[in-house]
Amino acid sequence: MSDIITVIIVSIFLLAMVGIGALASKKIKNTNDYLVAGRSLGFWVFLLLMVGNVCSGMSLLGVSGLGYKFGWPTIWEQIFVPLSIAFCIMFFGVKLHAISQKTGYITVQDYLAHRFESPVALRSLSAVAGILVSLIYLVGQYTAISIVLMWLFNIPLWLALIIATLVVTLYTTIGGLYAVAWSAVIQSIVLIGGVAIMAPIIIFYSGGFTHVNEYLAGVNPDLVQPWMAGGAVFTPAYLVSFGVLLIVGLACAPHVINNVLAVKDARLFKWTPLIAFIIYGAVMFMLKFAGFAGIVLVKEGVFQLPDVLNAQDFVILYGIQHAMPNIALWSIFAVIVLAAVMSTTDRLMLTIGGMFSWDIYKKVFRPDASDRKVLFISKIMVVFSALITMIIALNPPEMLAFLIWMGIGIMLATFAVPLLAGLYWRGATRMGALTSMSAGLISAGIFGGYYQYIDKLPLHFSFYAFVVSAITMIIVSLMTKKNDEKVLDETRTGWYIHAPRK
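Residues numbered from 1 in each chain as written. Predicted model: local features only at pLDDT ≥ 70, side-chain atom pairs only at ≥ 80, totals over all residues. Heavy atoms only, no water.

S.K.: Tell me about the side chain of His255, residues and numbers included.
M.R.: Mapped onto the secondary structure, His255 falls in helix 11 (residues 254-257). When its relative accessible area of 0% is taken as the criterion, His255 is described as buried. In this structure, His255 is in contact with Asn53, Tyr137, Thr344, Arg347, Leu348, Thr351 and Met411, ignoring residues within four places of it in sequence. (Helix = DSSP H or I, 4+ residues; strand = E, 2+ residues; numbered from the N terminus. Buried < 20%, exposed > 50% of the residue type's maximum accessible area, 1.4 Å probe, protein only. Contact = heavy atoms within 4.5 Å.)

This is the structure:
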């Protein structure tokens with residue numbers, strides 16, 4: 001499929017990302033610059049960074065693929081995901097940003113260690129858990145990148161993964177969050193503009209909105225319902241757990257929540273939730289409907305999906321290929337998909353590097369390590385995380401969406417309760433946080449394994465683990481010694497978002 005125009009267009013985009021990393025590297029003077037961009041992010045950079053971090057490779061390939069497989073019952077995803085930005089900013093960001101102005105937090109683990117007076121145990125546990133779930137999430141992103149490059153250049157999976165890994169690793173390693181944030185600006189603009197143009201083309205190529213809906217109803221009436229009447233997913237009960245998963249789980253994901261520590265001024269939080277919801281909602285609705293249109297195109301014999309496990313994740317690519325026969329336009333769309341994937345991939349890699357170098361190496365094993373050494377370790381871990389996930393992605397999952405949900409589910413089970421209880425309940429204790437996080441992580445593995453290998457559950461597996469984590473926090477906290485009142489005041493712990501005036 002590839003030709004010289006395709007190679008040129010994609011190469012220009014990839015080189016531009018590396019160029020941003022090179023320019024950003026000039027601003028890197030210390031770990032603070034590398035991991036939180038010197039706390040200098042302005043409104044639009046922060047907003048587009050947040051949109052880019054929740055709008056991953058799943059958002060183009062997985063969202064349309066999920067729509068192709070299950071129809072309208074999956075539309076709730078496009079409501080829940082942008083609400084995660086609002087939840088993150090309102091319930092986590094406002095307080096954490098205010099506290100970090102005095103404490104200088106670099107990662108969310110800094111807060112957990114401070115609030116629960118556990119500089120080693122809880123910091124280590126939360127960092128290891130954060131690295132684990134970020135790696136799972138990252139596998140999905142590299143899988144999405146490889147799908148695009150394989151389709152565009154007709155190259156084998158291993159070569160596609162090597163190209164993707166080299167480019168993203170290069171600009172992330174040299175430029176840190178400065179590079180990630182400014183890359184997100186360009187990537188988000190490319191994504192929003194590209195989807196707004198190309199998704200409607202696929203929809204109208206398949207006959208338009210009305211025809212697609214009527215066709216879906218004829219194929220299977222369940223495809224045009226707000227939820228599934230039965231089955232293992234998208235039933236009313238499942239959707240409740242699905243909402244908690246995406247709204248709360250994604251809000252406390254380390255690669256999302258850490259962004260609030262890099263904002264220049266808390267006043268920038270005011271309009272971000274609403275504008276982010278409008279942007280994400282509009283763009284992703286069109287992508288979802290493009291997945292619906294794929295059902296029409298496949299059933300009518302316009303194209304056939306490849307004979308692979310994750311065939312539905314190719315539907316948006318094949319739709320563009322047939323709706324827009326110009327090869328140059330295919331390459332432009334490939335750039336749009338790459339932009340979406342990279343906007344999450346680079347942030348995940350940087351988050352992994354930060355948690356290992358700052359929270360484990362610096363704060364646990366080598367407190368006297370120089371800033372230069374910590375910065376070096378962080379860059380090494382960025383490269384290492386890329387290589388590990390690239391190897392795992394050589395055997396891609398059946399559905400990108402389900403892999404991403406698994407990663408978010410573990411985040412929900414592990415981080416949500418300690419963060420919410422830590423910020424809003426003065427009775428939450430050190431032992432409560434340790435046992436809650438441990439119980440959430442372990443039970444997520446148990447319920448997730450049961451769901452995957454034994455039998456389906458009526459709710460998403462993470463919801464059960466979330467409940468276990470919450471119950472554990474309450475029981476253990478009521479039975480153990482309370483934290484120092486001075487620490488509770490320093491971390492603004494209480495049933496309020498803004499600190500009450502005295």
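S.K.: Please provide a residue-by-residue account of the state of the cysteines, values included.
M.R.: As used here, a disulfide is simply a covalent bond connecting the sulfur atoms of two cysteines. Under the counting rule described, the total for this entry stands at 0 disulfides. Here Cys88 is not cross-linked by a disulfide; its sulfur's nearest cysteine counterpart is in Cys252, at 8.6 Å. Judged by its relative accessible area of 0%, Cys88 falls in the buried class. A relative accessible area of 1% places Cys252 in the buried class. (Disulfide = S-S within 2.5 Å.)

S.K.: Go over the nonpolar core, please, and point to the residues and values.
M.R.: A general tendency of soluble globular proteins is for nonpolar side chains to be buried together. In this structure, Phe92, Leu96, Tyr142, Phe234, Phe242 and Leu419 are the most contacted members of the largest nonpolar core, which totals 179 residues. Dropping the residues within four chain positions of it, Phe242 is found in contact with Glu77, Phe80, Phe234 and Trp405. (Core = buried A, V, L, I, M, F, W, Y, C linked by side-chain atoms within 4.5 Å.)

S.K.: Run through the pattern of salt bridges, naming residues and quoting values.
M.R.: Inspection of every chain in the model, using the stated rule, returns 6 salt bridges. Across the pair Asp110 and Arg123 runs a salt bridge whose closest N-O atoms are separated by 2.7 Å. With Asp110 in helix 6 (residues 108-115) and Arg123 in helix 7 (residues 121-153), this pair connects stretches of sequence that are 13 residues apart. We note that Asp110, like Arg123, is buried. Linking Asp359 and Arg123 is a salt bridge whose minimum nitrogen-to-oxygen distance equals 2.6 Å. With Asp359 in helix 14 (residues 327-365) and Arg123 in helix 7, the pair connects residues that are 236 residues apart, well separated along the chain. Arg123 carries the same exposure label as Asp359, and that label is buried. What you see here is one network of salt bridges that share partners, running through Asp110, Arg123 and Asp359. (Salt bridge = Lys/Arg side-chain N within 4 Å of Asp/Glu carboxyl O.)

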